[in-house]
Amino acid sequence: MTVRTIRPAWRSYWKLWLLSWLVIPLFVLLWRRFSLRLVVTDDAVSLEEGILNTASTEVLLRNIRTVEIRRSLVDRLLGVGTLLVGASATEGYEIVVPGIPDPEEVRGLLR
C-alpha cells in the first residue's frame, strides 16, 4: 500500500498572494507614518522616531543655524517636502524629516 500526500499548489492561493502584496506595503506605510513625529514648541524643535524603540533629537530654536526644504517634482505635486534643520554647534543637519505637509509653514514656525 502506497501513501501519497497531496497538498494544494501555491498558485491556487493567488488571491492571498495578491492580498499580501497589498497588505504588506500598507503596513509599512502606516508604520512609517506613525513612527515619525516633529514637535515644534515655543523654544525648541524635536524629532521623535520609533514606535517600540524610540529616539529623540531636540534643537533649541535659538541654536538653529539653517532650515532647508527639499522638494522633488512629485513632492511639489503632493504638497510635501523634506525639512532639514541644522544647529549652530555642529556641521550637517540634526533633524531630517521627509514628507512634511506644507514645509514652508513649518519653516515659518522655526524662525
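Predicted, not measured: the structure shown is a model, and the values here were computed from it.

## What about the sheet that holds strand E6 (residues 95–101)?
Pairing is antiparallel across the open sheet formed by three strands, whose spatial order is E4-E5-E6. In the strand order of this sheet, the two ends are held by strand E4 (64–70) and E6, each with one partner. Adjacent strand axes in the sheet meet at a mean angle of 20 degrees, parallel and antiparallel pairs treated alike. As judged from the five bridges shared by strand E5 (residues 80–87) and E6, these two strands associate in the antiparallel manner. Within the sheet, the bridge partner assigned to Leu-83 lies in E6 and is Val-97.

## Observations regarding the side chain of Ser-35
Its location among the elements puts Ser-35 in the loop between helix H1 (14–34) and strand E1 (36–40). Residue Ser-35 is classed as buried on the basis of its relative accessible area of 14%. Engagement of the side chain of Ser-35 in a polar contact is seen with the backbone oxygen of Trp-31, the distance being 2.9 Å. For Ser-35, the residues in contact, after removing those within four places along its chain, are Glu-48, Glu-49, Gly-50 and Ile-51.

## Quick look at unusual backbone geometry
You will see that Asp-102, though not glycine, has its phi angle at about 50 degrees, which is positive. As for its placement among the helices and strands, Asp-102 is situated in the loop between E6 and helix H3 (103–110). Given the relative accessible area of 39%, Asp-102 is considered partly exposed.

What counts and what doesn't
- Counting restarts for each chain: residues are numbered from 1 in the order of the written sequence.
- This being a predicted model, a pLDDT of at least 70 is required before a residue's local features are given, and a value of 80 or more before pairs of side-chain atoms are given or counted; all residues contribute to the totals for chains, interfaces and linings.
- As a rule here, side-chain values come from all non-hydrogen atoms in the structure, and water together with hydrogens is ignored.
- When DSSP finds at least two bridges between two strands, those strands are taken to pair.
- Each helix is a run of H or I in the DSSP string that is no shorter than four residues. Each strand is a run of E no shorter than two, and both are numbered from the N terminus.
- Each axis is a line fitted through C-alpha atoms, and for a helix only the stretch in contact is used; angles between axes span 0 to 180 degrees, taken between their N-to-C directions.
- For every residue, the accessible area obtained with a 1.4 Å probe (protein chains only) is divided by the maximum for its type, and the residue is called buried under 20%, exposed over 50%, and partly exposed between those limits.
- The term polar contact refers here to a pair of N or O atoms within 3.5 Å; inside protein, the definition further demands a hydrogen-donor-capable atom paired with an acceptor-capable atom, and it admits residues adjacent in sequence only when both atoms are side-chain atoms.
- By the convention used here, residues are in contact when the closest approach between their heavy atoms is within 4.5 Å.

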